Amino acid sequence: MRLFGYAIFGLGLSLLLLAGSALLFDLGALKPIYERVASHYLEREVRVEGEMSVRLGRSITASATDVTISAASPDATPLAQADFLEVRLALPALLDKLIDIEVARIEGARLNLEIDDQGQGNWPTFRRDRADRVDNPANAKEKSGVALRIAEAQVTESQITLHNARPGLQHALAIDRFDGLMTGDTTKASSTGILNDRAFETTLVLSGVDSLLTVANWDLDWRGQIGRAQFQATGHLEALDQLEASQLALTLHTDSANELLETLSLPLIDDGPVDINFSLSQQAAVAHLDLDAVFGEFSIFGNALSEDPLTLSSAQLDLVATGPNLAHLGALGGQANWPETPFEIDLKTSREGTQVDVSTLRLISDVMNLKLTGTVADFRSPGSGRLSGTVDIPSLSV
């Protein structure tokens, strides 16, 4: 009987070890299959030049070295590369439609983003997936029920470059280190690095977070410094379909407007301090957006009212801008050959859908006084508008 007991114990132990080895089996040898699947969904060739490991247990842990996502053209600079990627995903949580990422690490990543003259980006658009969500609302609803939590995230020694051919701008972001930690309903993140040759450091605290995919009842505290510019954003964010009930305050200060413009790769102006105060609040079930800004030589203030502040599909805008040089304002907007003259611009407009009604567009300057009213049928096609009014050019007066 004792021998029989030993035999049963040995058999049970053997089965347990066999099951454990099966659960911990490294599936990295299936690398070609993973590359083909990733290439299919990303619409770009994906190659893993180094080692790859996929281990199964209560969590699935996948890691890879020397990963490349090619550009649409084989001869172009790769869309993305990374020296090392690792993610650990809790499997039991998937049964509750929760993507629970225990650890995510990225080391030595390079992301190359480009926008051509037609405004098209070089990244995947996932048009088919977006069309499926539009054609099948039930499927979209089902997807929206998925929650995402990332307990620990880390990005080190990574770079992001963006080149926009239309205005000829290039931005470079070097991330020395990014750390994110999610505990309970609180998410904390910090980052350091360089943006367009200016050092930056930021911290972010979000409270009330159930899922990173669903903005609802979040308390926000985001602050940091870029070069000498200091910013802070605090407030409470409701769900996106109730954004008008949110409260948000944003401040930005720096002693040099041109230093900030250089950081953003924008044309320079007559230098001076920058003080921007922006707020979002709810009054009588309508979102109020207020702006009071001094930006170097310019002064801009105004407000907007909207029942849908996320898309501004229905909104009213009242804005006044003044400054000593209209040409500098035009250059910031990508418009050359505007006259060098002191100016005041007064704009009162409203939008319903794609239609924009301009009740007042007034320009007062030494070289020209302009007052227009009218309607733009589709703001995406300025040629669809019809504005009328008066133009007074003092130099032509008799």
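Residues numbered from 1 in each chain as written. Predicted model: local features only at pLDDT ≥ 70, side-chain atom pairs only at ≥ 80, totals over all residues. Heavy atoms only, no water.

> What is the right way to look at the overall build of the chain in this model?
Within the chain one finds 6 helices and 21 strands. For the chain, the proportion of its 398 residues judged to be buried stands at 30%. Long-range pairs, those at least 24 residues apart, make up 40% of the contacts in the chain with a sequence separation of at least 6. Of the roughly 23800 Å² of accessible surface on the chain, 59% is carried by carbon and sulfur atoms. (Helix = DSSP H or I, 4+ residues; strand = E, 2+ residues; numbered from the N terminus. Buried < 20%, exposed > 50% of the residue type's maximum accessible area, 1.4 Å probe, protein only. Contact = heavy atoms within 4.5 Å. Areas by Shrake-Rupley, 256 points an atom, 1.4 Å probe, with all protein chains shown as cover.)

> Looking at this model, I keep getting lost on the pattern of salt bridges. Mind explaining?
Between side chains of opposite charge, a pair can form when the charged atoms approach closely. Counted by the stated rule, this structure contains 13 salt bridges. By sharing partners, the salt bridges in this structure join Asp318, Asp346, Lys348 and Arg362 into a single network. (Salt bridge = Lys/Arg side-chain N within 4 Å of Asp/Glu carboxyl O.)

> Is there a simple way to explain the side chain of Thr341 in this structure?
Looking at the secondary structure, you find Thr341 in the loop between α6 (326-332) and β18 (343-352). A relative accessible area of 1% places Thr341 in the buried class. Within the local environment of Thr341, its side chain forms a polar contact with the backbone nitrogen of Asp366, the two atoms lying 3.2 Å apart. Ignoring any residue separated from it by four or fewer positions in sequence, one finds Thr341 in contact with Pro324, Asn325, Leu326, Ser365, Asp366 and Val367. (Polar contact = N/O pair within 3.5 Å; in protein donor to acceptor, adjacent residues only side chain to side chain.)

> Would you explain the environment of Gln282 in this entry?
Its place among the elements puts Gln282 in strand β14 (residues 274-283). Taking relative accessible area as the criterion, Gln282 reaches 38% and is therefore assigned partly exposed. Taking C-alpha positions, Gln282 is 7.2 Å from Gln247, a pair spaced 35 residues apart along the chain. Discounting residues that sit within four places of it in the chain, Gln282 has contacts with Glu244, Ala245 and Ser246.

> In this structure, what is going on with the nonpolar core? I would like to understand it.
Residues Ala257, Ile269, Val274, Ile276, Phe295, Phe343 and Leu363 are the most contacted members of the largest nonpolar core, which totals 16 residues. Elements represented by at least two residues in this core include exactly α5 (257-263), β14, β15 (286-295) and β20 (369-376). If one sorts the elements of this core by residue count, α5 sits on top with 3 residues. Every residue in contact with Phe343, bar those within four places of it in the chain, is listed here: Phe298, Ala321, Thr322, Gly323, Pro324, Asn325, Leu326, Leu329, Leu363, Ile364 and Ser365. (Core = buried A, V, L, I, M, F, W, Y, C linked by side-chain atoms within 4.5 Å.)

> What is the right way to read helix α2 (residues 31-42) from this model?
Structural remark: α-helix, 3.6 residues per turn; residues separated by three or four positions point the same way. With 12 residues, α2 should reach 16 Å at 1.5 Å per residue; the first-to-last C-alpha distance of 16 Å fits that figure. Directly beyond the C-terminal end of α2, a positive phi value near 60 degrees is found at Glu43. (Expected span 1.5 Å × (residues − 1).)

> Before we go on, may I ask you to explain the packing of aromatic side chains in this structure?
When we look at a pair of aromatic rings, we describe it by the centre distance and by the angle of the planes. Applying the stated criterion to the full structure yields 2 aromatic pairs. The interplanar angle of 70 degrees and the centroid separation of 4.9 Å between the aromatic rings of Trp222 and Phe231 together place this pair among those described as edge-to-face. Residue Phe231 is classed as buried on the basis of its relative accessible area, which comes to 14%. On the basis of an interplanar angle of 55 degrees and a centroid distance of 6.1 Å, the ring pair of Phe298 and Phe343 is categorised as tilted. Taken together, the residues Phe298 in strand β16 (residues 298-306) and Phe343 in strand β18 connect sequence positions 45 residues apart. This pair shows no difference in class: Phe298 is buried, exactly as Phe343 is. (Phe/Tyr/Trp six-rings, centres within 6.5 Å; stacked < 30°, edge-to-face > 60°.)

> Just to check I follow, could you spell out the environment of Thr77 for this structure?
One can find Thr77 in the loop between β3 (59-69) and β4 (80-90). On the accessibility criterion, Thr77 (49% relative accessible area) is partly exposed. A C-alpha to C-alpha distance of 9.9 Å links Thr77 and Leu111, two positions 34 residues apart in sequence. Discounting residues that sit within four places of it in the chain, Thr77 has contacts with Ala71 and Asn112.

> For this particular structure, what's the right way to read the confidence of the model for the chain?
Any segment with low pLDDT has predicted coordinates that should not be analysed in fine detail. On average, residues of the chain score 86 in pLDDT, and 87% of them are at 70 or above. Across residues 1-24, confidence stays below pLDDT 50; counting only partners more than four residues off in sequence or on other chains, it has 4 contacts. Counted against residues more than four places away or in other chains, residues 129-143, with its pLDDT under 50, gives 5 contacts. (pLDDT = per-residue confidence, 0-100.)

> Explanation requested: the pairing of strand β5 (residues 98-115) in the structure shown.
The side chains of a regular strand alternate between both faces of the sheet. Where β4 lies against β5, 9 bridges are found, and the strand directions are antiparallel. Pairing of Val87 across the sheet is with Ala104, part of β5. Here β5 runs beside strand β6 (residues 147-150); their pairing, made up of 4 bridges, is parallel. Bridged to Asp100 within β6 is Arg149. (Pairing = 2+ DSSP bridges.)

> So what exactly am I meant to see when it comes to the pairing of strand β10 (residues 198-207) here?
Both strand β9 (residues 186-195) and β10 contribute to a ladder of 10 bridges, which runs antiparallel. Along β10, the bridge assignment pairs Ala189 with Leu204. The turn joining β9 and β10, which pair antiparallel and follow one another in sequence, is formed by 2 residues; a positive phi near 45 degrees is taken by Asn196. With 8 bridges connecting them, β10 and strand β11 (residues 218-226) associate as antiparallel partners. Across the sheet, residue Ser207 finds its bridge partner in β11, namely Asp219.

> How do you make sense of unusual backbone geometry when you look at a structure like this?
Across residues other than glycine, the phi torsion is negative in most instances, and most of the peptide bonds are trans. With a phi angle near 45 degrees, Glu157 is a residue other than glycine that sits in the positive phi range. Relative to the assigned elements, Glu157 resides in strand β7 (residues 152-164). Although it is not a glycine, Asn217 adopts a positive phi angle of roughly 60 degrees. With respect to the element layout, Asn217 can be found in the loop between β10 and β11. For Asn217, a relative accessible area of 43% corresponds to the partly exposed category.

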